[in-house]
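A closer look at the structure
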Amino acid sequence: MDENRVINLKKRIMKNVSVLLKGLSVVICLIALSSFVSAQDQKAAAAWKISAEFTAKKNPAKGDAASVNVGKNLYAKHCKSCHGGAGLGDGPKASSMKTKISSFKDAKFQAQVDGAIYYEIVKGRDEMPAFDKKVAEEDDRWALVNFVRSLK
Ligand code: HEC
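Predicted, not measured: the structure shown is a model, and the values here were computed from it.

**Examining the overall build of the protein chain**
Scanning the protein chain from N- to C-terminus turns up seven helices and zero strands. Taken over C-alpha atoms, the radius of gyration comes to 26 Å for the protein chain, far larger than the 15 Å a tight globule of 152 residues would show. Principal axes of the C-alpha set define a box for the protein chain whose edges measure 90 × 30 × 25 Å. Residues classed as buried in the protein chain amount to 16% of the 152 residues present. For the protein chain, contacts bridging at least 24 residues in sequence account for 66% of all contacts bridging at least 6.

Below is the structure:
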């Protein structure tokens, strides 16, 4: 190979590397931007509308320690991935939700009657799944209510 060809080859390699680096930095910028946008984009949850049929429901195991314990296990299985271990709304799936998950420790959440929390769990709405089928037993539903209540 004569010297000119070596120089040309070097130039071509340099050019390809620089194109590659430019492409890579564009991709990295896009990823950073999209994660920023999705974190900023979460909307606050609107208040739930609960019918009187549900707000009037009586909790058959209010504050019962055994029920709270049953709820704790169901929570770990069905709820933790979104709501987080301590119910702060920071589970691994929380950041991919369009709606910000509020904390079960919030006074506003805890101010709801048990029947309203029961409704939210059983009926769900939008990104909050309805657990009427996965948690079919009445006792288990109230156990979940009692557990999230205990997180305050
Ligand atoms: C796929 C993620 C996901 C899972 C799993 C999930 N939730 Fe939710 N949950 C949400 C989101 C998102 C909201 C807020 C939705 C809204 O307000 O429209 C929510 C809202 C709620 C609310 C209403 C909160 C309030 O401020 O009044 C309760 C109660 C609740 N979830 C309980 C549970 C329980 C109990 C489980 C398990 C049986 C569970 N969730 C499983 C995503 C989830």
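Once you've had a look at it, read on.
**Details of the site of the ligand**
Not every one of the 24 residues close to the ligand is listed here, only the nearest: A45, H78, C79, C82 and M128. Listed by contribution, the elements that provide at least two residues to the shell around the ligand are α4 (80-83), α6 (114-123) and α7 (138-150). Tallied by class, residues from the shell around the ligand come to 14 nonpolar, five polar and five charged.

**Comments concerning the domain arrangement of the protein chain**
Domain annotation of the protein chain identifies domain 1 (1-41) and domain 2 (52-150). Look at where the C-alpha atoms of domain 1 and domain 2 centre, and you get two points 49 Å apart.

**Things to note about helix α3 (residues 65-78)**
The terminal C-alpha atoms of α3, which comprises 14 residues, lie 20 Å apart, in line with the 20 Å expected from a rise of 1.5 Å per residue. Within α3, the full set of buried residues consists of S67, V68, G71, L74 and Y75. The buried residues of α3 occupy an angular sector of 125° when the element is viewed end-on, so they sit on one face. Across from the buried face of α3, at angles greater than 90 degrees, the exposed residues are A65, A66, N73, A76 and K77.

**What to know about α6**
Considered for burial, the residues of α6 that qualify are I117, Y118, Y119, E120 and I121. Residues of α6 that are buried sit in contact with α2 (52-55) and α7. Just downstream of α6, G124 is the residue with a positive phi angle, here 60°.

**Here we look at the environment of A56**
Position of A56 among the secondary structure elements: in the loop between α2 and α3. Sequence spacing of A56 and A116 is 60 residues, and the spatial spacing of their C-alpha atoms is 8.7 Å.

**A closer look at the nonpolar core**
With 16 residues, the main nonpolar core has Y118, L144, V145, F147 and V148 as its most contacted residues. For this core, the elements supplying multiple residues, two or more each, are α3, α6 and α7. Here the element with the most residues in this core is α7; it accounts for six residues. Sequence-distant contacts of L144, defined by excluding residues within four places in its chain, comprise G71, L74, Y75, I121 and V135.

About the criteria used
- Residues numbered from 1 in each chain as written.
- Predicted model: local features only at pLDDT ≥ 70, side-chain atom pairs only at ≥ 80, totals over all residues.
- Helix = DSSP H or I, 4+ residues; strand = E, 2+ residues; numbered from the N terminus.
- Rg over C-alpha atoms; globule rule 2.2 N^0.38 Å.
- Buried ≥ 20, exposed ≤ 12 C-beta atoms within 10 Å, placed from the backbone.
- Contact = placed C-beta atoms within 7 Å.
- Near = placed C-beta within 6 Å.
- Nonpolar A, V, L, I, M, F, W, Y, C, P; charged D, E, K, R; others polar.
- Domains from an automatic or database assignment.
- Expected span 1.5 Å × (residues − 1).
- Arc of directions from axis to C-beta.
- Core = buried A, V, L, I, M, F, W, Y, C linked by C-beta atoms within 7 Å.

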